[in-house]
Amino acid sequence: MKIGYELKHMETALKLAKYALDHGETPVACIFVHEPTNSVVAFGMNDTNKSRSGTSHAEFMGIAQILELQKKDEFPEHAIRFEDITLYVTVEPCIMCASAVQQIGIKKVIFGCGNDRFGGNGSVLSIQQDSYVVLPGILRKEAVLMLRNFYVMENDHAPEPRTKTNRKLDLQEFPPIPWKNYISEIDFKDTFGETAYREKYNSLEDLISDEKDIKWDLLEGRYDDILEILDSQITQKFTYKKQCIVKKA
Ligand SMILES: [Zn+2]
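Just so you know, these numbers come straight off a predicted model, no measurement behind them.

*Asks:* Just to check I follow, could you spell out helix H1 (residues 5–22) for this structure?
*Replies:* One full turn of an α-helix is made of 3.6 residues, so residues set three or four places apart face in the same direction. In a regular helix each residue adds 1.5 Å, so 18 residues correspond to 26 Å; H1 covers 26 Å between its end C-alpha atoms and thus fits that length. Restricting attention to buried positions, one finds in H1 the residues His-9, Met-10, Thr-12, Ala-13, Leu-14, Lys-15, Leu-16, Ala-17, Lys-18, Ala-20 and Leu-21. Note on H1: the residue one or two positions beyond its end, Gly-24, has a positive phi of about 80°.

*Asks:* Looking at this model, I keep getting lost on the sheet that holds strand E1 (residues 29–34). Mind explaining?
*Replies:* Strand pairing within a sheet occurs via backbone hydrogen bonds; the two strands may be parallel or antiparallel. Taken together, 5 strands build an open sheet; the order of strands is E2-E1-E3-E4-E5 and the sheet is mixed. Edge strands, defined here as strands with exactly one partner in the open sheet, are strand E2 (39–45) and strand E5 (133–135). Each strand of the sheet is rotated relative to its neighbour by a mean of 20°, with strand direction disregarded. Sheet topology note: the E1/strand E3 (residues 85–91) ladder contains 5 bridges and is antiparallel. Of the residues in E3, the one forming a bridge with Ile-31 is Tyr-88.

*Asks:* Looking at this structure, I do not really get the nonpolar core. What am I missing?
*Replies:* Within soluble globular proteins, side chains that are nonpolar generally end up buried alongside one another. Within the largest apolar cluster, 53 residues are counted, with the highest numbers of intra-cluster contacts made by Ala-13 and Phe-32. The biggest single contributor to this core is H1, with 7 residues. For Ala-13, the residues in contact, after removing those within four places along its chain, are Ala-29, Cys-30, Ile-31, Tyr-88, Val-89 and Thr-90.

*Asks:* Explain the packing of helix H3 (residues 58–72) against helix H4 (residues 95–104) to me, please; I cannot follow it from the model alone.
*Replies:* When two helices pack together, their arrangement is given by the angle between the helix axes and the distance between those axes. In the contact formed by H3 and H4, the axes pass within 9 Å of each other and the chain directions differ by 25°. When the interaxial angle is binned, H3 and H4 end up roughly parallel. Relative to H4, the crossing made by H3 is left-handed. Side by side, H3 and H4 meet where Glu-59, Phe-60 and Ile-63 of the first sit next to Cys-97, Ala-100, Val-101 and Ile-104 of the second.

Reading the values: the criteria
- Residues numbered from 1 in each chain as written.
- Predicted model: local features only at pLDDT ≥ 70, side-chain atom pairs only at ≥ 80, totals over all residues.
- Helix = DSSP H or I, 4+ residues; strand = E, 2+ residues; numbered from the N terminus.
- Expected span 1.5 Å × (residues − 1).
- Buried ≥ 20, exposed ≤ 12 C-beta atoms within 10 Å, placed from the backbone.
- Pairing = 2+ DSSP bridges.
- Axes fitted to C-alpha atoms, helices over the stretch in contact; angles between N-to-C directions.
- Core = buried A, V, L, I, M, F, W, Y, C linked by C-beta atoms within 7 Å.
- Contact = placed C-beta atoms within 7 Å.
- Parallel < 35°, antiparallel > 145°, perpendicular 65-115°, else oblique.
- Left-handed = near helix turned anticlockwise from the far one by under 90°.

If you want it as C-alpha cells, here you go:
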C-alpha cells in the first residue's frame, strides 16, 4: 500500500469525531491538511445538534477557519491556497459539502466510510468528476463503528459510548464497499497496490480484513484536549512562518 501519512491524518480526524461523540454531537469530523508543509491548517466537527442549523457540517467549519487564516495573512503571496489542501473527513462529504469543496478549489478529498443517503463523492452523486481526486475507505471500519456507537447511545440514552465489553456486538457486520463508485480501478491499484486490488476491489471488501487491526483506541479513548492541540499546532506553524518572513523583509 502506498499510503502512509494518510492514516495518521485520518486518525486525527477520527479523534475529533470521538470528541464530538463525547460531547453529544454526531461523530463526523474533518481536518484540512496543507500539502506543501504536511500540516493541519483547519478542522471541523458536525455542529448540527447544538446550532440547530442544517448547514453546520464539519467541512463548513473548517473552510471558515481557512478563510479567516487567509484574511489575517499580511503576506498574500504566502497565503494558504485551497489548491494545496487535502480534506480528510471521516464520512463521505454530503452533496452540499462536496460542491463547496469543488467551488473553492480543493484538489483532494480522503474519506473513511461512505454516506449512503447524501454522499456527494460517489454514493449518490459524483460531484468531483474531473475537478478533484477522491480516496475512499481510509480507516473505514473505525468510522462506521463510531457512527454505530452514536446510534446506540441515542437509542439507549446512554451518556457514555460503549466500550470493550461490546466489541463483539460492533463487529457483527460491515456493509460491502462499492469501490468503483468512488475510485477507478487504475487509481485503486496505484494507491493500494495489485494485491489489494485483486482481493478487495471487486469483492467489495474493506482494506482491513482482520478485526485485530481495528484501531480500538480511536473508539474507546478520550481526546478532550484535541481542540487545544490542533489550535496550538496551527498557530505555532503559521505564526512562526510569518515571523521568518518578517525577519527577511
Ligand atoms: Zn455536508
